[in-house]
Amino acid sequence: MGSTKTEIGVREKFYQDIDSHNMAPLWEVFRSLVTPTPVTLARPHCWYYQDVRDWVLRAGDVITAREAERRVLVLENPGLRGQTRITNSLYAGLQLILPGEVAPSHRHTQSALRFIIEGTGAYTAVDGERAYMERGDLILTPPMTWHDHGSNGEVPTVWLDGLDIPIIQTFDASFLEGFPEDSQPTTKPEGDSRARYGRNMRPLDTQLKNTSSPVFSYPYADYREALEKMRLQEEWDICHGLKMTFINPQTGGPVMPTIAAFVQLLPKAFSTSPYRSTDASVYTVVDGEGRAFVGDEEFSLTPNDIFVVPSWCPLQLNAEEDLVLFSFSDRSAQEKLGLWREQRGNKEDSL
Ligand code: GTQ
């Protein structure tokens, strides 16, 4: 049932006519919109820290943290250049704070996490409490919490920022407020939120906060010790090795409404089965060395390298030394919307 020239001419004329009424024919785009499996412009990519570190530090020569508000080099997915995003739904960047600097206090509807790459002596203040940052720590700034960053240290501090900026853009739900002073007053002692909510207890008669974790610092020393204890059981998941998800202790669910965060250990010589899921993920190497096969790409991993796995793109990991990986994704949002899916490869299957 081929279309004749006249029929095509009639259709083109029809499309032009409806165009002026701000209408368009669905049937011309349906198959590219409603696809049988996820289709994305996002590509697998790795930012090798040895290649990018110097540029991040040089950002310190061109602008101050105060002037920039946040001095960050955005990690743009090569398939999504100009869109300020690392996956279709998530933003990532490398932020730099130099000794004595302050990145002024603000709050916004976007959820943010920080994963510390290098440095010591810097802090993030969240709603009146400072969390000092050490390499490998995870720090949260949940939606609408006041936050500023600063450093009393003697060396530059660099961390990986992960935000849900593109999700908030989709919903046109961005609100930003500046705090009247650069640094918010410290109203709580360091470790207060952890004492209240991060020790398998909570204050009696407190209101449960369901949307985000009331604990905003997840130190390296804690999760690393847990991984080392658990590995003694030698129970490895074929796709993940030993993988943990950071939780909101009030719900047992993910740390923030849109973003979930994970850490995993693969023992030396472990090789995972191929795996894919609908949540595109951003990974960084905490410790060790290995290889990541992401779709058709292969990345040779050393500490602080950052790589992105697009939605539904197969991932396979080889540990050449004990390998510890941190990752984050929009799985938290997808699960709430009933969208999240995974496919676990068996050894026979190639995804
Ligand atoms: O530290 O508050 O990378 O607001 C992008 C937006 C960091 C932050 C980013 C932000 C922040």
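Residues numbered from 1 in each chain as written. Predicted model: local features only at pLDDT ≥ 70, side-chain atom pairs only at ≥ 80, totals over all residues. Heavy atoms only, no water.

Student: Please explain the overall build of the protein chain as it appears in this structure.
Tutor: Tallying secondary structure elements over the protein chain gives eight helices and 22 strands in all. Expected size for 351 residues packed as a compact globule is a radius of gyration near 20 Å; at 22 Å, the protein chain falls within 12% of this value. When the 351 residues of the protein chain are sorted by exposure, 48% land in the buried category. Contacts in the protein chain between residues at least 24 apart in sequence constitute 75% of all its contacts with a sequence separation of at least 6. (Helix = DSSP H or I, 4+ residues; strand = E, 2+ residues; numbered from the N terminus. Rg over C-alpha atoms; globule rule 2.2 N^0.38 Å. Buried < 20%, exposed > 50% of the residue type's maximum accessible area, 1.4 Å probe, protein only. Contact = heavy atoms within 4.5 Å.)

Student: Quick question: what am I supposed to make of the packing of aromatic side chains here?
Tutor: Describing an aromatic ring pair means giving the distance of the ring centres and the angle of the ring planes. The final tally for this structure, using the stated rule, is 13 aromatic pairs. For the pair Tyr 218 and Phe 246, a centre-to-centre distance of 5.5 Å together with 75° between the ring planes defines the contact as edge-to-face. Of the two residues, Tyr 218 is situated in strand β12 (residues 217–218) and Phe 246 in the loop between β13 (242–245) and β14 (260–266); the sequence distance between them amounts to 28 residues. An aromatic cluster is present here, built from Phe 115, Tyr 218, Tyr 220, Tyr 223, Phe 246, Phe 326 and Phe 328 joined pairwise through their rings. Just above the ring of Phe 262 sits the side chain of Lys 243; from NZ or CZ to the centre is 4.9 Å. Directly above the ring of Trp 340 sits Arg 331, whose terminal nitrogen or CZ lies 3.7 Å from the centroid. (Phe/Tyr/Trp six-rings, centres within 6.5 Å; stacked < 30°, edge-to-face > 60°. Lys NZ or Arg CZ within 6 Å of the ring centre and 35° of its normal.)

Student: Got a minute to help me understand unusual backbone geometry in this structure?
Tutor: Comment: phi is negative for the bulk of residues other than glycine, and the bulk of peptide bonds are trans. Phi angles above zero are rare outside glycine, and Asp 172 is one such case at about 45°. For Asp 172, a relative accessible area of 70% translates into the label exposed. Positive phi, normally seen in glycine, also occurs at Asp 205, with a value near 65°. Secondary-structure assignment places Asp 205 in the loop between α6 (192–197) and β12. On the basis of relative accessible area, Asp 205 is assigned to the exposed category, the value being 73%.

Student: Any chance you could explain the sheet that holds β14 here in plain terms?
Tutor: Sheets are built from strands that pair by backbone hydrogen bonding, the pairs being arranged parallel or antiparallel. Read from one edge to the other, the open sheet built from six strands follows the order β1-β19-β16-β21-β14-β13, with strand pairing classed as antiparallel. Every interior strand has two partners, whereas the edge strands, β1 (45–47) and β13, have only one. Recorded for the sheet is a direction-independent mean angle of 20° between the axes of neighbouring strands. Inspection of the sheet shows strand β16 (residues 281–287) paired to strand β21 (residues 323–329) by six bridges, in the antiparallel sense. Counted as the bridge partner of Tyr 283 is Ser 327 from β21. (Pairing = 2+ DSSP bridges. Axes fitted to C-alpha atoms, helices over the stretch in contact; angles between N-to-C directions.)

Student: I would appreciate a short explanation of the state of the cysteines in the present structure.
Tutor: Any covalent bond linking the sulfur atoms of two cysteines counts as a disulfide. According to the stated counting rule, one finds zero disulfides in the structure shown. Its sulfur unpaired, Cys 239 is 14 Å from the next cysteine sulfur, which belongs to Cys 313. On the basis of relative accessible area, Cys 239 is assigned to the buried category, the value being 4%. A disulfide-free cysteine, Cys 313 has its sulfur positioned 14 Å from the sulfur of Cys 46, the nearest such atom. (Disulfide = S-S within 2.5 Å.)

Student: What am I meant to see in the environment of Gln 169 here?
Tutor: The topology assignment puts Gln 169 in helix α5 (residues 165–170). Using a relative accessible area of 45% as the deciding quantity, one classes Gln 169 as partly exposed. Separated by 87 residues in the primary sequence, Gln 169 and Met 256 have C-alpha atoms spaced 17 Å apart.

Student: I keep staring at the site of the ligand and nothing clicks. Help me out?
Tutor: Taken together, Arg 70, Val 72, Tyr 91, Gln 95, His 106, His 108, Arg 114, His 147, His 149, Asp 161 and Leu 163 are the residues near the ligand. With respect to the ligand, the side chain of His 147 contributes an N or O atom lying 2.8 Å from an oxygen atom. Note that an oxygen atom of the ligand is positioned 2.7 Å from one of the side-chain N or O atoms of Asp 161. Bound to the protein, the ligand loses 90% of the 290 Å² it would expose on its own. Among the elements of the structure, β3 (91–97), β4 (102–108), β9 (147–151) and β10 (157–163) are those that each provide at least two residues to the shell around the ligand. (Near = heavy atom within 4 Å. Polar contact = N/O pair within 3.5 Å; in protein donor to acceptor, adjacent residues only side chain to side chain. Areas by Shrake-Rupley, 256 points an atom, 1.4 Å probe, with all protein chains shown as cover.)

Student: When you look at the pairing of strand β17 (residues 290–294) in this model, what are you seeing that I'm missing?
Tutor: Put simply, side chains in a regular strand alternate between the two faces of the sheet. Here β17 shows one buried face, formed by Gly 290, Ala 292 and Val 294, and one open face, formed by Arg 291 and Phe 293. Linking β17 to strand β18 (residues 297–301), which pair antiparallel, is a turn of two residues; within it Gly 295 sits at a positive phi near 55°. Bridge analysis of β17 against strand β20 (residues 315–319) gives five bridges, and the strand direction is antiparallel. Opposite Phe 293, over in β20, you have Gln 316 as the bridge partner.

Student: Explain the nonpolar core here, please?
Tutor: It is characteristic of soluble globular proteins that their nonpolar side chains tend to be buried jointly. Membership of the largest hydrophobic core comes to 48 residues, with the highest contact counts inside it found for Leu 94, Leu 113, Leu 138, Leu 160, Phe 246, Phe 326 and Phe 328. Membership of the second largest hydrophobic core comes to 17 residues, among which are Ala 292, Val 309, Cys 313 and Leu 325. (Core = buried A, V, L, I, M, F, W, Y, C linked by side-chain atoms within 4.5 Å.)

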